[in-house]
Amino acid sequence: MTTVAILPVLNTNGEKSYRAIAGDRQSVGKTAGQALDALTALLGETDFSALIVIQSFNPDEFFTVQQQKRLSELMNLWRTARDRGQSLSPKQQAELESLVEIELQAATVRTGVLVQRLN
């Protein structure tokens, strides 16, 4: 099963969009659903099945407002660098990857909490 992360991203104007990421593939959409649909098309999976839990993307004890803000800043820097054919500095890239991993872990914990509540 393919693991997909969908993250909210704010552009320089403060407008929110969503980035869906699976391995080295990613897509962007105005909604989480659009980002997921575009990613599914990129992956070429015609039999895509998943359990999807959509959260409000508000800060919580698992991923703070400061972490969300920094992730958004780094994603904007990454997109700018990509569009110019450049890369982030190794330090920025490591920080970005760390924040994505922390958010993925936070999502896993949130899902566990949700499953416990459902049971």
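Further up the page is the structure itself.
Residues numbered from 1 in each chain as written. Predicted model: local features only at pLDDT ≥ 70, side-chain atom pairs only at ≥ 80, totals over all residues. Heavy atoms only, no water.

Quick look at the pattern of salt bridges
So, step 1. Throughout the structure, instances matching the rule amount to 5 salt bridges.
So, step 2. For arginine 70, the salt bridge is made with glutamate 95, and the minimal N-O distance between the two is 2.9 Å. Of this pair, arginine 70 sits in helix H2 (residues 65-83) while glutamate 95 sits in helix H3 (residues 90-118), placing them 25 residues apart in sequence.
So, step 3. Residue classification places arginine 70 among the partly exposed residues on the basis of a relative accessible area of 26%.
So, step 4. Residue glutamate 95 is classed as partly exposed on the basis of its relative accessible area, which comes to 29%.
So, step 5. The residue glutamate 103 makes a salt bridge to arginine 110 at a minimum N-O spacing of 3.4 Å.
So, step 6. Given the relative accessible area of 7%, glutamate 103 is considered buried. (Salt bridge = Lys/Arg side-chain N within 4 Å of Asp/Glu carboxyl O. Helix = DSSP H or I, 4+ residues; strand = E, 2+ residues; numbered from the N terminus. Buried < 20%, exposed > 50% of the residue type's maximum accessible area, 1.4 Å probe, protein only.)

Looking at the pairing of strand S2 (residues 16-22)
So, step 1. The element S2 is extensively covered by neighbouring structure, given that 5 of its 7 residues are classed as buried.
So, step 2. Pairing of strand S1 (residues 5-10) with S2 involves 6 bridges; the strand directions are antiparallel. Among the inter-strand pairings, valine 9 is bridged to a residue of S2, identified as serine 17.
So, step 3. Sheet topology places S2 next to strand S3 (residues 25-29); 5 bridges connect them, and they run antiparallel. Within the sheet, the bridge partner assigned to isoleucine 21 lies in S3 and is glutamine 26.
So, step 4. In sequence, S2 turns back onto S3 through a hairpin of 2 residues, with glycine 23 there showing a positive phi of about 60°. (Pairing = 2+ DSSP bridges.)

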